There are 2 protein chains.
Amino acid sequence: MDIKVTLNPNPKAKPTDTSALGFGQIFTDHMFRWTWNSEEGWHNPRIVPFENLSIHPASTVLHYGSEIFEGLKAYRRADGKVQMFRPIENIRRMNNSAERLCLPQMPEEDLMQALVEFVRLEQDWTPSDKGTSLYLRPFMFGNDESLGVHAVHNAEFIIIASPVGSYYKEGLNPVKIMIEDQDVRAVRGGTGYAKCGGNYAASNRAGERAEQQGYSQVLWLDGVERKYIEEVGAMNVMFKINGEIVTPKLTGSILPGITRKSCIEFLKSEGIEVSERLLSVEELAQAMTDGTLEEAWGCGTAAVISPIGELCYKDHKYIINNNEIGELSQHLYDSITGIQWGEVEDKFGWIVEV
Amino acid sequence: MDIKVTLNPNPKAKPTDTSALGFGQIFTDHMFRWTWNSEEGWHNPRIVPFENLSIHPASTVLHYGSEIFEGLKAYRRADGKVQMFRPIENIRRMNNSAERLCLPQMPEEDLMQALVEFVRLEQDWTPSDKGTSLYLRPFMFGNDESLGVHAVHNAEFIIIASPVGSYYKEGLNPVKIMIEDQDVRAVRGGTGYAKCGGNYAASNRAGERAEQQGYSQVLWLDGVERKYIEEVGAMNVMFKINGEIVTPKLTGSILPGITRKSCIEFLKSEGIEVSERLLSVEELAQAMTDGTLEEAWGCGTAAVISPIGELCYKDHKYIINNNEIGELSQHLYDSITGIQWGEVEDKFGWIVEV
């Protein structure tokens, strides 16, 4: 497709102190936009200056949660080139999310072209300090200008980009997690497997309560039996129990994470099988009690690997691996970030150079 | 509070053909706006010309479903005056929704003042033909301009208004409903009781599938056991089974509807008890089979009472009350709409004149 480019006549100064970047706070000079309606389909792909959106007060996105998104990163290699990690996975997941929310499908090759051309234009915004990257946020929303509840006839797709700091400025410190037994994030048959706004809106209250009690995030249990481990905060979760690597299987209420998938595939390439299965909180508590829980970590795009050092369940606090990062967690972190930043050979075909 | 008013210098012509109004398609000349941040709290209440909103591409509402709303109506009485129906109930529910989504609370009296002053200014937009009204849509959204997932520090509250046509231009025709056994709208512990975007986003796909098969809407089952009746489309649901009036009890995944509450209170005033209890789909199917299901109806702000004439469950089609509106459904419709439009005495204190 032919992407029309309108350059920003007033480019901003790029940040010099990457230690102050944080996450998703500042944005680059442009954004990619693409418009859809039920008559014309997707049309008018364009890169325009980054600016506020003009949205009708009755727009579907403001009332009925008609919104999906993705998150991925562009990384600067030592040779100065910029690359993305498994963008095709984000593209496919976005179409799956769209199907669940009755938003339009996007041709994979067009979306890939949009990502590559947009990142190429903005690549100078990719910082080069250790652990930093250019975070890419594709998102789509329903945009009918009326209040009826139905599948939309108008939608907008946008990509914005934000240079982000290192997740681990002070090293991979293990986090404290609280097992949530009141609020539910998602349920089988609902939207848990889709990356959509409603899942995050449902998560905030428990996250805030945990934070007030000194925890970083919550560990979610399934919405049906309130028994099986699902996710940690907005990340997938993995455990090493008595030598077995376990991660909750994708039952429909869990986000099919790309870092999760990469961990499984990477470990498999080293001859280590990951059990994707149901894991009850009782089994986990028992493993913590008898000392067979060797390691626990969250995995997601932002942190890659986030070691869990303490789990609180029903007011009982369990310390995992002496509150230190485990050997396997460290190995996964080093290997996957190595591929992402181009320091380790990509034997998997995961990297897309821009 | 002091609401600053900026009049629209270019007011639109009001619609003359109310039969073409539909629902939420055209909007009045103004909107009420109120801004919140964690430092100043709510500030700058104002009525301004209706126009598009300027929203940052990273705003919370576009990514994380941080949005709640209400729906209520202003009705024109025969004497020309305009009145609202139980607005305090909408105000309280909106604060409950806000709590679930970590959005800020609003003082009840300020919100009531905003509603009354706004409707007073726009009251000429309230149509007078039978069954027509001025639909009011208060909504609030999180508006941080960054991509971190957490409780917001900025929010916007807005009221827009839309003259709407009669829901029943051709009389109260019973609708065909399909019992949904795949998708789930909400689950206990989730956001089902809050009027928030995510619930509606989760509902669209099943609604579309039902429509393609010739049904108006779906009947939702609970997310845990997929067994108990919850809502119908975006309405609450009631049944008359062998003389007993039954409506699903508010377990946390069901919206506490104001029309639902009004039906219960009105019937109580006539000496008729409504059983708020669990009602399984098997019990309902049995009642349809043995002919003891006498009436079934949805209840909500848009339709008030929507009689159900046909229910499809597992490919079996059941006809209810000969596909005609039942006596009790008609009585409820006449009584509640009578109070809403000022034709029946309000013994309950439900009406607020503007």
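Every value quoted in this text rests on a predicted model; they were computed, and no experiment measured them.

Novice: Help me out: how do you make sense of the interface of chain B and chain A in this one?
Specialist: Opposite the 58 residues of chain B that make contact, chain A presents 58 residues. Approximately 5000 Å² of surface area, both sides summed, lies buried where chain B meets chain A, with 57% of it carried by carbon and sulfur atoms. It is Pro57, Leu62 and Arg205 of chain B that lose the most area in chain B upon contact with chain A, and together they represent 13% of the buried surface on that side. Put simply, chain B and chain A have four salt bridges between them.

Novice: What exactly am I supposed to notice about the packing of helix α2 (residues 87–100) of chain B against helix α3 (residues 108–122) of chain B here?
Specialist: When two helices pack together, their arrangement is given by the angle between the helix axes and by the axis-to-axis distance. Residues and elements named next belong to chain B. Where α2 meets α3, the closest approach of the two axes is 10 Å, and the angle between their N-to-C directions is 130°. The angle between the axes of α2 and α3 places the two elements in the oblique class. α2 and α3 meet at a crossing whose hand is right-handed. Here Pro87, Ile88, Ile91, Arg92 and Asn95 of α2 come into contact with α3, specifically with Glu108, Leu111, Met112 and Leu115. Across the contact of α2 with α3, the residue classes tally to six nonpolar, one polar and two charged.

Novice: Help me out: how do you make sense of the relation of the copies chain B and chain A in this one?
Specialist: The relation between the two chain copies is a rotation about an axis coupled with a shift along that axis. For the pair chain B and chain A, the superposition axis carries a translation of 0.0 Å, the fit reaches an RMSD of 0.0 Å, and the rotation angle comes to 180°. Taken together, the turn and the small shift mark the pair as related by a two-fold rotation axis. Residues of chain B ranked by C-alpha distance from the rotation axis are headed by Gly198 of chain B, positioned 1.9 Å from it. Most of the interface of chain B is mirrored in chain A, where 100% of its interface residues again form contacts.

Novice: Hey, could you run me through the UniProt feature "modified residue: N6-(pyridoxal phosphate)lysine" (unreviewed entry) in chain A in this one?
Specialist: All names here are of chain A. Residues annotated by UniProt as "modified residue: N6-(pyridoxal phosphate)lysine" (unreviewed entry) correspond here to Lys195. Along the chain, the position of Lys195 falls in the loop between β10 (175–179) and α4 (197–212). Once you skip the residues sitting within four places of it in the chain, Lys195 turns out to touch Glu67, Ile68, Phe69, Glu70, Gly71, Arg93, Ser97, Tyr200 and Leu255.

The rules behind each value
Residues numbered from 1 in each chain as written. Chains lettered and ligands numbered in written order. Predicted model: local features only at pLDDT ≥ 70, side-chain atom pairs only at ≥ 80, totals over all residues. Heavy atoms only, no water. Contact = heavy atoms within 4.5 Å. Buried area = accessible area lost by both parts, 1.4 Å probe. Salt bridge = Lys/Arg side-chain N within 4 Å of Asp/Glu carboxyl O. Axes fitted to C-alpha atoms, helices over the stretch in contact; angles between N-to-C directions. Helix = DSSP H or I, 4+ residues; strand = E, 2+ residues; numbered from the N terminus. Parallel < 35°, antiparallel > 145°, perpendicular 65-115°, else oblique. Left-handed = near helix turned anticlockwise from the far one by under 90°. Nonpolar A, V, L, I, M, F, W, Y, C, P; charged D, E, K, R; others polar. Least-squares fit on C-alpha atoms with pLDDT ≥ 70 in both. UniProt positions renumbered as here; feature names shortened; annotations may be inferred.

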